Amino acid sequence: MKYGPENLGSHHVELWNALKFEILHGDPDDDEDQLFPPILKIFQNMSSQSHQFVELALSELSPNIKNSTNKSKRSCIILASLSSSTQENFNKIIHPILTLLLNTPTLSIPQQRSLITNISYFTSAHSQLFNPQSPPTQENSLSLFKDELLIQLGKSLMSSSLIEVSLRTLAISELTKLTTLQDFLTPQELSLIVQYFTETVLLDDNEY
């Protein structure tokens, strides 16, 4: 059965309630690569046709964002998928969700790992939506968080213990991704990331 705009307007709540359960309340060991894509594709189609659906998803998932749980991660996966559907949805979702994610001054090592993982879903959405093949666009909401992203990622890389290999690797991966985002970083910001890498990766004699 195909759901057009009229059906989505009438049934988006029922569809949302049925499908979100599979992601939010599934087994933590579920194969996300197999289970999630078909559901996320449906969500993307719904979000591109129904503004009410995006508002519903934001209102229901936002309270999960601050919790360092599997539900927080999976809520970010859903919202990042919705944000990749249209530029309007990207801007509508990114600002409130990144504000929640980054509004925690002191984080434990596990919380830093969780934060960077969650951020990565939204930077990946940016990569899908804004690329050299896409039409020129106005400034997007992610750019408003550049300073905070660079500070948090730089802190996770530069200030963490050398034995925190997984955290440092996540930070390096996400900083590298930022350098590939279309029209995102300035030359000065790129130089800062190069400096991070020079001081930590190239000069690091850590054997872990």
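Before any of the text, the structure's been laid out above.
Model, not experiment: these values are computed from the prediction. (Residues numbered from 1 in each chain as written. Predicted model: local features only at pLDDT ≥ 70, side-chain atom pairs only at ≥ 80, totals over all residues. Heavy atoms only, no water.)

Trainee: Can you help me understand the overall build of the chain in this one?
Mentor: Scanning the chain for helices and strands turns up nine helices and zero strands. The helix and strand sequence of the chain, counted from the amino end, reads α-α-α-α-α-α-α-α-α. Of the contacts formed within the chain by residues at least 6 apart in sequence, a portion of 73% connects residues at least 24 apart. Of the roughly 11,000 Å² of accessible surface on the chain, 54% is carried by carbon and sulfur atoms. (Helix = DSSP H or I, 4+ residues; strand = E, 2+ residues; numbered from the N terminus. Contact = heavy atoms within 4.5 Å. Areas by Shrake-Rupley, 256 points an atom, 1.4 Å probe, with all protein chains shown as cover.)

Trainee: Sorry, what's going on with the side chain of Asn89 here?
Mentor: Positionally, Asn89 belongs in helix 5 (residues 87-102). Here the side chain of Asn89 touches Ser47 through a polar contact of 3.0 Å, landing on its backbone oxygen. In this view, Asn89 contacts Ser47, Ser48, Val54, Leu82 and Ser83; residues no more than four positions away in its chain are not counted. (Polar contact = N/O pair within 3.5 Å; in protein donor to acceptor, adjacent residues only side chain to side chain.)

Trainee: Sorry if this is basic, but what is going on with the packing of helix 2 (residues 32-49) against helix 3 (residues 51-61) here?
Mentor: Angle between the axes and distance between the axes: these two values describe a pair of packed helices. Put simply, helix 2 and helix 3 touch, their axes get as near as 5 Å, and they point 120° apart. Here helix 3 runs oblique to helix 2, going by the angle between their axes. In contact with Phe43, Met46, Ser47 and Gln49 of helix 2, helix 3 contributes His51, Phe53 and Val54. Residue classes in the contact of helix 2 with helix 3 are distributed as four nonpolar, three polar and no charged. (Axes fitted to C-alpha atoms, helices over the stretch in contact; angles between N-to-C directions. Parallel < 35°, antiparallel > 145°, perpendicular 65-115°, else oblique. Nonpolar A, V, L, I, M, F, W, Y, C, P; charged D, E, K, R; others polar.)

Trainee: Where do I start with the pattern of salt bridges in this structure?
Mentor: A side chain with one charge can pair with a side chain of the opposite charge if their charged atoms come near. Taken as a whole and judged by the stated rule, the model has seven salt bridges. Between Glu60 and Lys20 there is a salt bridge, with its nearest N and O atoms 2.3 Å apart. Highlighted residues: Glu60 in helix 3 and Lys20 in helix 1 (residues 5-24), separated in sequence by 40 residues. Counted as one network, the salt bridges with shared partners bring together Glu32, Lys73 and Arg74. (Salt bridge = Lys/Arg side-chain N within 4 Å of Asp/Glu carboxyl O.)

Trainee: Is there a simple way to explain helix 4 (residues 70-83) in this structure?
Mentor: Residue pairs three or four apart in sequence face the same way in an α-helix, which turns once every 3.6 residues. For helix 4, with 14 residues, the first-to-last C-alpha span of 20 Å sits near the 20 Å given by 1.5 Å per residue. Of the positions making up helix 4, those classed as buried are Ser72, Arg74, Ser75, Cys76, Ile77, Ile78, Leu79, Ala80, Ser81, Leu82 and Ser83. (Expected span 1.5 Å × (residues − 1). Buried < 20%, exposed > 50% of the residue type's maximum accessible area, 1.4 Å probe, protein only.)

Trainee: What is the right way to look at the packing of aromatic side chains in this model?
Mentor: The description of an aromatic ring pair rests on the distance of the ring centres and on the angle between the ring planes. Tallying each qualifying case throughout the model produces four aromatic pairs. An angle of 50° between the planes, with centres 5.2 Å apart, marks the rings of Trp16 and Phe43 as tilted. With a gap of 27 residues between them, Trp16 in helix 1 and Phe43 in helix 2 connect regions that are remote in the sequence. Take Phe43: its relative accessible area is 0%, and that puts it in the buried class. When the centroid spacing of 5.5 Å and the interplanar angle of 80° are considered together, the rings of Trp16 and Phe53 count as edge-to-face. Here Trp16 is found in helix 1, whereas its partner Phe53 is found in helix 3, with 37 residues between them in sequence. (Phe/Tyr/Trp six-rings, centres within 6.5 Å; stacked < 30°, edge-to-face > 60°.)

Trainee: Just to check I follow, could you spell out the nonpolar core for this structure?
Mentor: The nonpolar side chains of a soluble globular protein tend to be buried, and buried together. Among the nonpolar cores identified, the biggest contains 53 residues, and Phe43, Ile78, Leu79 and Phe122 are the most heavily contacted of them. Take this core: its biggest share by element is seven residues, from helix 5. Not counting residues up to four positions away in its chain, the partners in contact with Phe43 are Trp16, Leu19, Lys20, Ile23, Phe53, Ile78 and Leu82. (Core = buried A, V, L, I, M, F, W, Y, C linked by side-chain atoms within 4.5 Å.)

Trainee: Mind showing me how you'd approach unusual backbone geometry here?
Mentor: Leave glycine aside and you will find that most residues have negative phi; peptide bonds, for their part, are mostly trans. Unlike most non-glycine residues, Asp183 shows phi in positive territory, near 50°. For Asp183, a relative accessible area of 72% puts it in the exposed group.

Trainee: Is there a simple way to think about the side chain of Ser75 in this case?
Mentor: Here Ser75 shows up in helix 4. Excluding its chain neighbours within four sequence positions, the residues that come into contact with Ser75 are Leu24, Leu61, Asn64 and Ile65.

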